[in-house]
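# Analysis of the macromolecular model
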Amino acid sequence: MDYLLLQVLNGVQLGLLMFLLAAGLTLTFGIMDLVNLAHGSLYMMGAYIAWTFVGWTDSFVLGALLALPATFLLGVVVEMVVARRLYARDHLDQVLATFGLILFFNELVRVIWGPAGKSLAVPAFLNRTVEILPGVPYPAYRFAIIVVGAVVAVLLAWLVARTRLGMLIRAGASNRRMIGALGVDIELLFTLVFGLGAVFAGLAGLMAAPITSVKIGMGDDILILAFVIIVIGGIGSIKGAFVAAMLVGQIDIVGRAFLPDFLKTFLSSAAASSAAPAISQVLVYVVMAGVLVWRPTGLFGQRA
Amino acid sequence: MTYRLFGAATIAALAFGLQPAMAQAPIKIGFISTFSGPQAAIGEDMRRSVELAKEHLGGKMAGRAFEIIYEDDQFKPDVGKQRSEKLVQQDKVNFVAGYIWSNVLLASLKTVTDEGDTILISSNAGPSQIAGELCNKNFFSTSWQNDQTPMAMGAYLQGKAVKSLYLMAGNYAAGKDMLAGVKRTFKGQIIGEDLTKWPDQLDFSAELAKIRAAKPDGIFIFYPGAHGVQFLTQYAQAGLKGQIPLYQVFSIDAITLPQQKELALGTMGAQEWVNDLPNDQNKRFVADFRKKHGVFPSFYGAQSYDSIMLIASAAEALKGDLSSKDKVRAELKKANFKSLRGDFKYNTNQFPIQNFYIQEAVKDAEGTMTLKTVATAVKDAKDPYYEKCPMK
Amino acid sequence: MTDLVAALRTTRGIVTLVLLVLLAVLPLLTQAFDQRYLLSIGTRVLIWAIAAVSLNLILGYGGMVSFGHAVFFGTGGYAVGILAHHGIASGWIQWPVAIAASALWALVVGALSLRTRGLYFIMITLAFAQLLYYVGVGLEAYGADDGLNIGRSRFAGLIDLRDKASFYWLCLALLCATLWFCSRFANSRFGLVIRGAKSNELRMAALGFPVFRYRLAAFTISGAFGGLSGILMANEGAYISPAMMSWVKSGDLIVIVVLGGMGTLFGPLYGTIAFFLLEESLKPLLDLLRKGWGEYWQIVFGPMLVLIALYARGGIDSLMGRSRG
């Protein structure tokens, strides 16, 4: 039972981290109709910038707090220089241009920070385990990620459901032309939303950094997973992104924690231990393909 | 029309770097490694060591100048193969060395050794196929065969009070080789075994929770490069450090230690070379490397340095005349050079017969994290595949 | 015939003719100038061009942005490799099996994914490609991610694929055949429906065309030609590995098609040549500026892609004036 709870928590933690990344992606897509492959680069930049600031300030929290506005600024610059020219283009041009940005950022990081990865230490007050139940220790840092992730999710839900910005976001996701008719400064709105997405990506990156270490291309691997999440959830839907992120988090953990034992009930031990990682590796893709065959616009997506 | 066509072709040829052949041209050595992406730090360490070898040789082999042409495999087998092809066909190198990854080496092997009839010296990768049925007269290794290092670790653990192990590695060919290797020599109980997504798994929480529940006497891991940093961090965060000891191959080295820092303290690993091996050439190599770059060299670097020195030994013996490939191969096979790991002999499949040591991650007198030899795990070890190699 | 003569008077016609002649005599030139590596690049260009032409069939003409086209390098390559591994070396068996396997996979994927649109379609094709990629990584009997060294296909008495020049000319002939098929396709009734559905699907459906089935057929044909490029790729390197199917390769193929000019006959060929030229020359060029800079070539290549996406809409093909198609 304790073991099960631990694994569920692991899935929740992974899901929330993915949600932070997916939220920005689905926002930019929902409102600006932009397929932004460079979102993973913002995740990476968030981690590298945080590493630099933590080094200067000697404090993880202070460094992280400084890194967030910095990634916001970076997002704004990317939006003004490249992204805004892509909104009216078809998805293919967007894929191509933002793929170019990935290459650029990966090389840029190598020029600035060098080829070796960086490690960001867990802040001292979180470098221990907490007992979530008597006798069940859980890393305090991962627990902190769950708390921050949940707070951000609630904040985002409030922002989208209750504020004027949220109203515009919802309006934009369902009908892009309408926001123009409302007399809103669209350019500013777009820049803000893009910057907001960058902050979420940067936050995800810097929170993941003490777990996964800071390295070149760290955003590329995770980007595809983030896309899988927004596609399962339905593009443009924050709720969908949240549900899908939780789902993907649990699928991933189940595949790794329980699948091998499950397979051993009807396969030989050797066959099970070689089949399990293969199956768990493709599980999210199978789920995504299944969801799309069943609902071509994802769980919560509007019809195209 | 013909004239024009050939004119265009000449321009094309010039654009691709056509160079006129010269009489006493320098010896050319191609060096394939990973110089971009997350694993670029390994390539950088290898290049620094090769450059140091060049410096120690005074830029000459048997009085002949030599040049090294570095090519980036981008961690992809097809790119590695193309770059190898370029080295052999366009640069017409005398030797190709380097290769971190088994799959890059396997993709490039035929292009270099068969179609190019060029001698390939692997400075790291050692897949079982090349030690066995795919062994080749043009292939030499200055590293090891994949199974050997974990076998050394397993043999050491077998002799200790370790009764049960939990095994973890990336889910790819080398990862499976490593687990197979440790199982060859460790006869205690294997309590659990996890192959994790490779190379994109970022999180080990599920596996660490399993280990905590399984309560083994020790954990054996194989996570090279950046993944070793990730694993060690999460192992410590999960509170397992101090409770279940960790044993590793290729997961803690001079490249990853500056990031792993104290987390690595006390962890044992196996390797054929350690930076404190007491021979003179090794002392000089490590001291000069540290003076130049401020950090310790890694085993990747040491093996690369050895590759260049091995070539130099053949060139010296032949007085710089590399025209007969048979003679060059015969000289290489003698391994008549001062290896940083100490002298070794070549087996029939042209992999070294060598010792493996157990090393511990420690803090030296200056407070720098480094590796220290604590025991000799096996002596004059041969890989388990050489009998499948048709060469005698 | 008069059409052909008229076509040859345009810039596009002349450039294409010169290009084809150059490609045809390349092995002679590389031999004369002792530039074997140039021939290797040439062979790879032809193989990639076949894949790009096949992607262009659905992407350029049909507007179906498949982000998993490199999977057909894998289906074609693995079919050849697995048969060769089991001692069936004859190309007469290997090649038809490989093409059938690729078409079959395309049929299944197409049937499941063609109901989706836009980013959903991009992602579902990627998902299926990743699926096969990881299957390849898991195939321990065939080398898993280490890949497999294989013997080349045998066509006894007809052609020896180990001979670089013969193999090059075979690739060129197959590329020409693929281009010929593509030109017939684009102007057939079938092709017109596919192209019509790209700009207005509802209209085509209203006219009574079963758009889904037409698209599925196009997707399957594209897969078959993609498989052909996979067969050639396996024979070129005498090696197969899951890396042939990595999603980055699928991305490269899209870049090539867009770079050359979508929905144009020769665009994919121009795109492939330009892509390989950039890849091979950017590094040495930067090294010329300053030694050591070559390694950072992607810092230049990245922004170039951005500029292409922003300002070179019609690709290279459009530089030669308006397309007839």
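All values derive from a computational prediction rather than experimental measurement.

### A short note on the overall build of chain B
- The secondary structure content of chain B amounts to 13 helices and 14 strands.
- Taken against the 2.2 N^0.38 rule, which gives 21 Å for 392 residues, the C-alpha radius of gyration of chain B at 22 Å falls within 12% of a compact globule.
- Dimensions of chain B, computed from the C-alpha atoms along their principal axes, are close to 75 × 45 × 45 Å.
- Split into buried and exposed, the 392 residues of chain B put 60% on the buried side.
- Summarising the internal contacts of chain B: among those between residues at least 6 apart in sequence, 73% fall at separations of at least 24.

### Some words on the overall build of chain C
- Counting its regular elements, chain C contains 13 helices and two strands.
- Each principal axis of the C-alpha distribution contributes one length, and for chain C these read about 55 × 45 × 45 Å.
- Per-residue burial over chain C gives 54% buried out of 325 residues.

### Describing the packing of helix α2 (residues 39–57) of chain A against helix α4 (residues 91–113) of chain A
Residues and elements named next belong to chain A.
- Running from N to C, α2 and α4 point in directions that differ by 15°, and their axes come no closer than 9 Å. In terms of axis orientation, α2 runs roughly parallel to α4. Taken as a pair, α2 and α4 cross one another with a handedness that is left-handed. Residues G40, S41, M44, M45 and Y48 of α2 pack against L101, I102, F105, V109 and W113 of α4.

### A look at the interface of chain A and chain C
- Listed per partner, the contact involves 36 residues of chain A and 34 residues of chain C.
- Among the secondary structure elements, those contributing two or more residues to the side of chain A that touches chain C are α4, α9 (218–233) and α12 (269–294) of chain A.
- With 15 residues, α4(A) is the largest single contributor of residues to the side of chain A that touches chain C.
- In the side of chain A that touches chain C, the residues fall into 26 nonpolar, seven polar and three charged.

### Description of the nonpolar core
- Counting 329 residues, the largest nonpolar core has A:M18, A:A22, A:A47, A:A50, A:A226 and A:I229 as the members making the most contacts within it.
- For A:A50, the residues in contact, after removing those within four places along its chain, are A:G63, A:A64, A:A67, A:L120, A:L206 and A:A209.

### Focus: helix α13 (residues 298–311) of chain C
- Compared with the 20 Å implied by 1.5 Å per residue over 14 residues, the 19 Å span of α13(C) between its first and last C-alpha is a close match.
- When we look at burial in α13(C), the residues that qualify are C:Q298, C:G302, C:L305, C:V306, C:I308 and C:A309. End-on view of α13(C): buried residues confined to an arc of 160°, all on one side of the axis.
- Here the buried face of α13(C) lies against α4 of chain A together with α11 (247–260) of chain C.

### Some points on the environment of B:K379
- Along the chain, the position of B:K379 falls in strand β14 (residues 369–381).
- Taking C-alpha positions, B:K379 is 8.7 Å from B:I353, a pair spaced 26 residues apart along the chain.

### A word on the interface of chain B and chain C
- Opposite the 28 residues of chain B that make contact, chain C presents 23 residues.
- When residues of the side of chain B that touches chain C are traced back to their parent elements, those giving at least two are α1 (2–15), α3 (77–89) and α4 (102–115) of chain B.
- Considered class by class, the residues forming the side of chain B that touches chain C number 15 nonpolar, six polar and seven charged.

### As for helix α6 (residues 148–159) of chain B
Residue and element names in this part refer to chain B.
- Here α6 is twelve residues long and its end C-alpha atoms lie 17 Å apart, about the 16 Å a rise of 1.5 Å per residue gives.
- Across the twelve residues of α6, ten count as buried, placing the element largely inside the fold.
- Every buried residue of α6 is listed here: Q148, T149, P150, M151, A152, M153, G154, A155, Y156 and L157.

### Observations concerning the domain arrangement of chain B
Residues and elements named next belong to chain B.
- As assigned here, chain B comprises domain 1 (25–144 + 279–343) and domain 2 (148–271 + 356–381).
- Computed over C-alpha atoms only, the centres of domain 1 and domain 2 are separated by 28 Å.
- Facing the 14 residues of domain 1 at the interface are 13 residues of domain 2.
- Only α2 (40–56) and α4 provide two or more residues apiece to the side of domain 1 that touches domain 2.
- The element that contributes the greatest number of residues to the side of domain 1 that touches domain 2 is α2, accounting for three residues.

### Side note on the sheet that holds strand β1 (residues 27–33) of chain B
Residues and elements named next belong to chain B.
- Taken in spatial order, the six strands line up as β2-β3-β1-β4-β5-β6 in an open sheet, and their pairing is mixed. With partners counted over all chains shown, the strands left at the sheet margins are β2 (60–61) and β6 (139–141), one partner each.
- The sheet contact formed by strand β5 (residues 119–122) and β6 spans three bridges and is parallel. Pairing of S122 across the sheet is with S141, part of β6.
- Contacts between α3 and the sheet are confined to β1, β3 (64–72) and β4 (95–98), with β3 contributing the most and set at about 155° to the helix.

### Looking at the environment of B:P384
All names here are of chain B.
- Its place among the elements puts P384 in the segment after β14.
- Considered as a pair, P384 and G132 are 252 residues apart in the sequence and their alpha carbons are 8.7 Å apart.
- Those residues in contact with P384, other than ones at most four positions away along the chain, are D147 and R184.

### A closer look at the confidence of the model for chain C
Residues and elements named next belong to chain C.
- Looking at chain C as a whole, its pLDDT mean stands at 90, while 96% of the residues score no less than 70.
- Of all secondary-structure elements in chain C, the lowest mean pLDDT belongs to helix α1 (residues 2–9), at 63, while helix α4 (residues 71–85) reaches the highest, 97.
- The ipTM, which scores confidence in the relative placement of chains, is 0.84 for this predicted complex, and the corresponding pTM is 0.88.

### Some remarks on the pairing of strand β1 (residues 129–133) of chain A
All names here are of chain A.
- Relative to strand β2 (residues 136–139), β1 runs antiparallel, the two sharing four bridges. Residue pairing across strands places T129 opposite P139, the latter belonging to β2.
- Where β1 hands over to β2, the hairpin turn is made up of two residues, of which G135 adopts a positive phi near 85°.

### A short note on the pairing of β4(B)
Residue and element names in this part refer to chain B.
- With burial as the criterion, each face of β4 is covered, one bearing F95 and A97 and the other bearing V96 and G98.
- Relative to β4, β1 runs parallel, the two being bridged by four bridges. Among the inter-strand pairings, I32 is bridged to a residue of β4, identified as G98.
- The sheet contact formed by β4 and β5 spans four bridges and is parallel. Its bridge partner lying in β5, A97 is registered against I121.

### Overview of the packing of α4(C) against helix α6 (residues 118–138) of chain C
Residues and elements named next belong to chain C.
- Viewed as axis vectors pointing N to C, α4 and α6 meet at an angle of 40°, and their least axial separation amounts to 9 Å. One finds that α4 runs oblique with respect to α6. The two elements α4 and α6 meet at a crossing, and its hand is left-handed. For the pair α4 and α6, contact is made by V71, G74 and Y78 and by F128, A129, L132 and G136, respectively.
- Among the residues forming the contact of α4 with α6, the class breakdown is five nonpolar, two polar and no charged.

### With respect to unusual backbone geometry
Residue and element names in this part refer to chain B.
- Although it is not a glycine, Q74 adopts a positive phi angle of roughly 55°.
- As for its position among the elements, Q74 is in the loop between β3 and α3.
- Even without being a glycine, A335 presents a positive backbone phi close to 45°.
- You can call A335 buried: it has 21 C-beta atoms within 10 Å.

What counts as what
- Residues numbered from 1 in each chain as written.
- Chains lettered and ligands numbered in written order.
- Predicted model: local features only at pLDDT ≥ 70, side-chain atom pairs only at ≥ 80, totals over all residues.
- Helix = DSSP H or I, 4+ residues; strand = E, 2+ residues; numbered from the N terminus.
- Rg over C-alpha atoms; globule rule 2.2 N^0.38 Å.
- Buried ≥ 20, exposed ≤ 12 C-beta atoms within 10 Å, placed from the backbone.
- Contact = placed C-beta atoms within 7 Å.
- Axes fitted to C-alpha atoms, helices over the stretch in contact; angles between N-to-C directions.
- Parallel < 35°, antiparallel > 145°, perpendicular 65-115°, else oblique.
- Left-handed = near helix turned anticlockwise from the far one by under 90°.
- Nonpolar A, V, L, I, M, F, W, Y, C, P; charged D, E, K, R; others polar.
- Core = buried A, V, L, I, M, F, W, Y, C linked by C-beta atoms within 7 Å.
- Expected span 1.5 Å × (residues − 1).
- Arc of directions from axis to C-beta.
- Domains from an automatic or database assignment.
- Pairing = 2+ DSSP bridges.
- pLDDT = per-residue confidence, 0-100.

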